[in-house]
Amino acid sequence: MHVRVYYHANQGSKKGLVLFYRAGCVFSNFFPAEFQVIDEKNHALEFNTSEQYFMYNKALLVGDNLIASEIMKETSPKKMKLWGRRLKMSKEQLKEWSTVSRDVMYRACREKFAQNQNLRLYLFRTHEMTLAEASPTDKIWGIGLSKDDRRAKNPETWKGANWLGQVLDRVRDELWERNEFSADRKKVEAEDLETRVQFLEKL
């Protein structure tokens with residue numbers, strides 16, 4: 001099980017917590033999901049994961065076209081991440097990347113879920129909940145705790161910033177309001193909470 005859901009009644013607009021981890025979960029950047037992005041030269045680029053888009057744009061920021069090309073050839077998200085770690089970044093580039101990386105991740109996740117209905121339905125099932133990457137080793141994109149850690153169900157005891165969860169919440173809330181996805185929204189709204197949780201915890 002890659003997802004654990006904690007539902008809390010009467011706690012404002014955010015009524016639950018969705019803890020996720022592992023590549024087999026649709027919320028992971030390693031999960032296979034093809035999508036297309038039009039670049040600045042009006043070329044259509046095909047990506048196979050949000051991780052590929054993220055690392056490709058990191059290479060572009062550094063100006064390393066060779067590594068960018070290698071990332072685009074890859075089918076393994078782990079190897080994409082390794083290519084990204086090989087990038088030689090100056091202090092200025094590291095500072096710039098830390099400033100723009102969340103926006104890059106937002107664009108990657110937005111296109112991933114906008115262009116894949118089956119994944120979007122899972123994301124919509126987290127409506128009115130808070131998504132959190134329960135990575136025990138990542139204190140920036142994750143919460144620094146595993147989903148089995150009792151501290152993970154309380155945001156006040158998290159050890160990480162949960163940037164990925166925040167990005168996914170933002171993407172979900174934007175797509176939820178789009179008229180083009182109204183049929184998906186109505187489908188999820190017709191499901192009771194127990195059904196939504198069952199779908200999520202089977203991931």
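Quick caveat, the model's predicted, so the values are computed rather than measured.

Definitions and limits used
- Residues numbered from 1 in each chain as written.
- Predicted model: local features only at pLDDT ≥ 70, side-chain atom pairs only at ≥ 80, totals over all residues.
- Heavy atoms only, no water.
- UniProt positions renumbered as here; feature names shortened; annotations may be inferred.
- Helix = DSSP H or I, 4+ residues; strand = E, 2+ residues; numbered from the N terminus.
- Axes fitted to C-alpha atoms, helices over the stretch in contact; angles between N-to-C directions.
- Parallel < 35°, antiparallel > 145°, perpendicular 65-115°, else oblique.
- Left-handed = near helix turned anticlockwise from the far one by under 90°.
- Contact = heavy atoms within 4.5 Å.
- Nonpolar A, V, L, I, M, F, W, Y, C, P; charged D, E, K, R; others polar.
- Buried < 20%, exposed > 50% of the residue type's maximum accessible area, 1.4 Å probe, protein only.
- Expected span 1.5 Å × (residues − 1).
- Phe/Tyr/Trp six-rings, centres within 6.5 Å; stacked < 30°, edge-to-face > 60°.
- Lys NZ or Arg CZ within 6 Å of the ring centre and 35° of its normal.
- Salt bridge = Lys/Arg side-chain N within 4 Å of Asp/Glu carboxyl O.
- Pairing = 2+ DSSP bridges.

### Details of the UniProt feature "domain: NADAR" (unreviewed entry) in the chain
Here comes step 1: Residues annotated in UniProt with the feature "domain: NADAR" (unreviewed entry) correspond here to residues 22–176.
Here comes step 2: In residues 22–176, helix accounts for 50% and strand for 8%; the two terminal C-alpha atoms are 25 Å from one another.

### Let's talk about the packing of helix H1 (residues 50–62) against helix H3 (residues 77–85)
Here comes step 1: Put simply, H1 and H3 touch, their axes get as near as 9 Å, and they point 15 degrees apart. One way to sum up the angle between H1 and H3 is to call them roughly parallel. In this structure, H1 meets H3 at a crossing whose hand is left-handed. Where H1 approaches H3, its residues Glu 51, Gln 52, Met 55 and Lys 58 are matched on the opposing element by Pro 77, Met 80, Lys 81 and Gly 84.
Here comes step 2: Residue composition of the contact of H1 with H3, grouped by class: 3 nonpolar, 2 polar and 3 charged.

### A word on the environment of Ile 143
Here comes step 1: Secondary-structure assignment places Ile 143 in the loop between strand S5 (129–133) and helix H6 (163–177).
Here comes step 2: On the basis of relative accessible area, Ile 143 is assigned to the buried category, the value being 0%.
Here comes step 3: Linking Ile 143 and Pro 155, residues 12 residues apart in sequence, is a C-alpha distance of 8.5 Å.
Here comes step 4: Beyond its immediate stretch of four places on either side in the chain, Ile 143 contacts Leu 19, Ala 132, Glu 133, Ala 134, Ser 135, Asp 138, Ala 152, Trp 158, Lys 159, Gly 160 and Asn 162.

### Some remarks on the environment of Val 18
Here comes step 1: Mapped onto the fold, Val 18 is located in strand S2 (residues 16–20).
Here comes step 2: A relative accessible area of 0% places Val 18 in the buried class.
Here comes step 3: Expressed as a C-alpha distance, the spacing of Val 18 and Thr 130, which sit 112 residues apart in the sequence, is 6.0 Å.
Here comes step 4: Not counting chain neighbours up to four residues away, the residues in contact with Val 18 comprise Val 3, Arg 4, Val 5, Phe 27, Thr 126, Met 129, Thr 130, Leu 131, Ala 132 and Leu 200.

### Description of H1
Here comes step 1: With 13 residues, H1 should cover 18 Å at 1.5 Å per step; its first-to-last C-alpha distance of 19 Å lies within 8% of that length.
Here comes step 2: Within H1, 11 of the 13 residues are buried, leaving the element largely enclosed by the surrounding structure.
Here comes step 3: Within H1, burial applies to Ser 50, Glu 51, Gln 52, Tyr 53, Phe 54, Met 55, Tyr 56, Asn 57, Lys 58, Ala 59 and Val 62.
Here comes step 4: In the core, the buried residues of H1 are packed alongside strand S3 (35–38), strand S4 (44–47), helix H2 (65–73), H3 and helix H4 (91–114).

### A word on the packing of aromatic side chains
Here comes step 1: Per the counting criterion, the structure on display carries 11 aromatic pairs.
Here comes step 2: The interplanar angle of 50 degrees and the centroid separation of 5.0 Å between the aromatic rings of Phe 54 and Trp 97 together place this pair among those described as tilted. Of the two residues, Phe 54 is situated in helix H1 and Trp 97 in helix H4; the sequence distance between them amounts to 43 residues.
Here comes step 3: The ring of Trp 83 carries Arg 86 above its face, with NZ or CZ at 4.4 Å from the centroid.

### Some thoughts on the pattern of salt bridges
Here comes step 1: Applying the stated criterion to the full structure yields 12 salt bridges.
Here comes step 2: Across the pair Asp 184 and Arg 120 runs a salt bridge, and its minimum N-O distance is 2.8 Å. Here Asp 184 is found in helix H7 (residues 182–189), whereas its partner Arg 120 is found in helix H5 (residues 117–124), with 64 residues between them in sequence. Here Asp 184 and Arg 120 have matching classes, each one buried.
Here comes step 3: Several salt bridges converge on common partners, so that one network encompasses Arg 4, Lys 147 and Asp 148.

### A word on the sheet that holds strand S1 (residues 3–7)
Here comes step 1: Taking strand neighbours across the sheet as the criterion, the 3 strands line up as S1-S2-S5 in an open arrangement whose pairing is mixed. Of all the strands in the sheet, just S1 and S5 have a single pairing partner and so form its edges. When strand polarity is set aside, the average angle formed by the axes of neighbouring strands in this sheet is 15 degrees.
Here comes step 2: One ladder, built from 5 bridges, connects S2 with S5; its direction is parallel.

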